[in-house]
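Residue-level structural notes
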Amino acid sequence: MNNLVSAVGLTALVLVYFIFKRLTRSSLPDIRGPKSSSFILGNLVELHQGQAGEADLKWQSLYGNIIRFKGAFGEDQLMVSDPKALQRVFASGGYLYPKPDDFLVLSRILLGPGISWADGDAHRRQRKVLHPAFGPQESKALLTIFTRCAESVSAKWTEILSDSSGEKAIVNVHAWLSHAFLDAIGEAGFGVRFGAVRGDNHPLIHIYDNMLFVLPNMYNEAMNDIFNFPSVPQIFLQAVTKYIPVKILHLLAKYSSNPRFERIRELEKVGTKVAKEMVREKAESLLRKQGENDVFSLLVKANMDADAKNKLTEEELLAQMRTLLFAWSWDDLKYCGLGAPGACTAPQNSIPTSHGDQDDRKPLSSARGDSQFTAADFEAMPYTTAVMKEVLRYRSVTYHAVRVANRDDVLPLSQPITTESGKVINEVPVPKGTHIVASVATYNRHTELWGEDAHEFNPDRWLEGIANEPKEVTLGVYSNLMTFIGGVRGCLGWRFALIEMQAFLVELVGKFEFAMTDEAARIRLGPCLIMTPTVEGDADRVAQLPLALSIASRG
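A quick note: this is a predicted structure, and the numbers were derived from the prediction, not measured. (Residues numbered from 1 in each chain as written. Predicted model: local features only at pLDDT ≥ 70, side-chain atom pairs only at ≥ 80, totals over all residues. Heavy atoms only, no water.)

This part covers the overall build of the protein. Looking only at helices and strands, the protein features 23 helices and 11 strands. By residue count, 55% of the 555 residues in the protein fall in the buried class. Pairs at least 24 apart in sequence give 73% of the contacts found in the protein among residues at least 6 apart. Of the roughly 24,300 Å² of accessible surface on the protein, a fraction of 54% belongs to carbon and sulfur atoms. (Helix = DSSP H or I, 4+ residues; strand = E, 2+ residues; numbered from the N terminus. Buried < 20%, exposed > 50% of the residue type's maximum accessible area, 1.4 Å probe, protein only. Contact = heavy atoms within 4.5 Å. Areas by Shrake-Rupley, 256 points an atom, 1.4 Å probe, with all protein chains shown as cover.)

The following block contains the structure:
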């Protein structure tokens, strides 16, 4: 009874606080946007219950690249895909638009005070220490590891085909590549061979598996599991959570008996223990001048060499390890559908391959007396690169990036917009506290940037089309895409991700052909913080991408 009274009282306080904040804050100008059918939930049901980016693309077609929509209790929020506005939010004004408090609290609990949580000067200091471990040469040095991991899953698929009764076999590409990527994370990130494709059991695998599923569950606390589309009550809880004061959220996380909070606390304890042991081993190896070239070794070395004022504390260093494990694994799983598998889900159901590119490069590797591709070989494969860029653009699995204005600001616009009252404006005033939903999905489909066929899968746009033309506003860290975000919080490991993706794409498309299955035709792009493939009608709603696999024809 006491718990019920406390819960009701807390909810009442939250609602009073929220309504007070809304009524005392200046509203947005009359920006166009969808009508709200509910004062309590605004447009949130349409935004969150459809497929990832589905509402964004619909609204963009109706209202343009600056859209006002309603959050809970009539709160005005902005959805933004205008290039200049995004540049302000993520680059020139990056620290004026931090992540929402509820996300930061969850990040602090699960990952610690690392780069994902830090803001302002703390973020600048951490990024300065981390940066040397993610340079171009450091990334290219890991190609051999990525190639070996790609070959391991290739060998497993060959075994499956050999054991099958026909020429084709149906495999869950998502599941197999998640294990292969985990092996790549272990060796390239930490100098540890997990053996996930072989089915080995390593302590960090347990942490990885749990971390991978806990964060989205906590973010939508009432969700039954990561791959469920949120119900109306769950959407309401998520909307209200962001208005609970940070101190109360921390207390809930620290003392709550909720199973998910207990699980997070256990993960934090185990993860810290493993991280401490790993830091000790890396430091001892470096002192013996036996350091390795994995990312974490380079990070420990960079921290040992840093000035005293820039050094990471032990707690921050341990947090980087947990962040690296989680963020890298998450990014890899984002792109389990890269290349041929990803193109399978394009509207035309065709699978661009890079066989021609690979055939062009084989004489070079043979002349070197080397069967392995090099980074230079990859750079000389224009169509393979075009396919990869187009998958990153067309199936941008980071479909939203949410930020909050920490002071009154103004967003400049690439193109003027017409308001509801008919006024033409070139900038949008943003009151302090406004939630900005940066729509990566709609930016990556912006017809002014990518052409009139931006809603189609077409790798040729990267060879001789509009995608290669100079842009007035440069965004993102790679090819003007927002897939890896950009600005002060751009993904540090984007070069690693690209080289890893190229290695897997060339290996798997070079040896196998992929075709749609009946199940794959029912793929839904689940809105689970990241775009996650699930099969419509599957009661378990686990992540899966079932494709028909066969040996690539030669000739």
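This part covers the sheet that holds strand β8 (residues 512-515). Where strands meet in a sheet, backbone hydrogen bonds hold them as pairs that are either parallel or antiparallel. Taken together, the three strands give an open sheet; going across it, the order is β3-β11-β8, and neighbouring strands pair in antiparallel fashion. Each edge of the sheet is formed by a strand with only one pairing partner; in this case those strands are β3 (169-172) and β8. Sheet twist, expressed as the average angle between the axes of neighbouring strands with direction ignored, equals 40°. Strands β3, β8 and β11 (546-551) of the sheet are contacted by helix α8 (residues 143-163), whose axis makes an angle of about 70° with β8. (Pairing = 2+ DSSP bridges. Axes fitted to C-alpha atoms, helices over the stretch in contact; angles between N-to-C directions.)

A full pass over the atoms with the stated rule returns 13 aromatic pairs. Between W450 and W462, the aromatic rings sit 5.5 Å apart at their centres with planes inclined by 45°, giving tilted as the arrangement. Linking W450 in helix α21 (residues 447-450) with W462 in helix α22 (residues 461-464), this pair joins segments that are 12 residues apart in sequence. For the pair W450 and W462, a shared accessibility class is recorded, and that class is buried. Taken together, the ring pairs connect F39, F73 and F236 into an aromatic cluster. Of note, R108 hangs over the ring of W117, and the distance from its end group to the ring centre comes to 5.6 Å. For R445, the ring lying beneath its charged end belongs to Y394, and the centroid distance is 4.2 Å. (Phe/Tyr/Trp six-rings, centres within 6.5 Å; stacked < 30°, edge-to-face > 60°. Lys NZ or Arg CZ within 6 Å of the ring centre and 35° of its normal.)

Attention now goes to the pattern of salt bridges. All chains considered together, the criterion is met by 19 salt bridges. A salt bridge links E46 to K58; its shortest N-O distance comes to 3.2 Å. On the criterion of sequence distance, the pair formed by E46 in helix α2 (residues 44-49) and K58 in helix α3 (residues 54-63) is long-range, its members being 12 residues apart. Taking relative accessible area as the criterion, K58 reaches 46% and is therefore assigned partly exposed. (Salt bridge = Lys/Arg side-chain N within 4 Å of Asp/Glu carboxyl O.)

Let us now look at helix α5 (residues 101-111). Along an α-helix, a turn takes 3.6 residues, which lines up residues three or four apart on a common side. Here α5 lies mainly inside the structure; eight of its 11 residues are buried. Among the residues of α5, those classed as buried are D102, L104, V105, L106, S107, I109, L110 and L111. Just past α5, the residue G112 takes up positive phi, approximately 90°.

A separate point is the packing of α8 against helix α23 (residues 494-511). Across the interface, α8 lies against α23 with an axial gap of 9 Å and an inter-helix angle of 35°. The element α8 and its partner α23 pack so that their crossing is right-handed. Contacts from L143, F146, T147, C149, A150, E151, V153, S154 and W157 in α8 reach F496, I499, E500, A503, F504, E507, L508 and K511 in α23. Residues belonging to the contact of α8 with α23 are distributed by class as follows: 11 nonpolar, two polar and four charged. (Left-handed = near helix turned anticlockwise from the far one by under 90°. Nonpolar A, V, L, I, M, F, W, Y, C, P; charged D, E, K, R; others polar.)

Those residues of α3 that sit buried are A55, D56, W59 and Q60. Taken down its axis, α3 places every buried residue within 130° of arc, on the same side. Contacts made by the buried residues of α3 are with α2, β1 (66-70), β2 (76-80), β4 (400-404), β7 (435-439) and α20 (440-443). (Arc of directions from axis to C-beta.)

Right, let's get into the sheet that holds β7. If you trace the four strands from one edge of the open sheet to the other, you get β1-β2-β7-β4, paired in mixed fashion. Sheet topology places β1 and β4 at the edges, where each strand pairs with a single neighbour. Strand-to-strand, the axes of this sheet are offset by a mean angle of 25°, without reference to chain direction. The pairing of β2 with β7 spans three bridges and is parallel. Bridge pairing in β7 places L78 opposite I436. Here α3 sits on the sheet and contacts β1, β2, β4 and β7; the angle it forms with β1, its principal contact strand, is near 120°.

What follows is about the side chain of Q126. Looking at the secondary structure, you find Q126 in helix α6 (residues 120-130). A polar side-chain atom of Q126 sits 3.0 Å from the main-chain carbonyl oxygen of P113. Aside from chain neighbours lying at most four places away, what touches Q126 is P113, G114, I115, A118, L312, E316 and Q320. (Polar contact = N/O pair within 3.5 Å; in protein donor to acceptor, adjacent residues only side chain to side chain.)

A word on the environment of P233. Along the polypeptide, P233 turns up in helix α11 (residues 232-241). Linking P233 and L41, residues 192 residues apart in sequence, is a C-alpha distance of 9.8 Å.

Of the two faces of β8, the one lined by F512 and F514 is fully buried and the one lined by E513 and A515 carries no buried residue. Where β8 meets β11, four bridges bridge the pair, whose relative direction is antiparallel. Looking at β11, one finds that A515 is bridged to A548.

If you trace the backbone, F194 turns up in the loop between α9 (173-190) and α10 (203-219). Classification of F194 as buried rests on a relative accessible area of 1%.

On average, residues of the protein score 81 in pLDDT, and 80% of them reach the 70 mark or higher. Long-range and interchain partners of residues 336-341, a stretch whose pLDDT sits below 50, account for 24 contacts in this model, where long-range means more than four residues apart. (pLDDT = per-residue confidence, 0-100.)

Unusually for a residue other than glycine, F73 sits at a positive phi of about 55°. Relative to the helices and strands, F73 resides in the loop between β1 and β2. For I485, which is not glycine, the phi dihedral falls at a positive 60°. Tracing the sequence through the fold places I485 in the loop between α22 and α23. A relative accessible area of 11% means that I485 is categorised as buried.

On to the nonpolar core, then. With 70 residues, the main nonpolar core has W157, F190 and F504 as its most contacted residues. The leading source of residues in this core is α9, at nine residues. Those residues in contact with F504, other than ones at most four positions away along the chain, are F146, C149, A150, V153, L177, A180, F181 and V509. In terms of nonpolar packing, the next biggest core, distinct from the first, is built from 44 residues, A386, M388, L413 and W450 among them. (Core = buried A, V, L, I, M, F, W, Y, C linked by side-chain atoms within 4.5 Å.)

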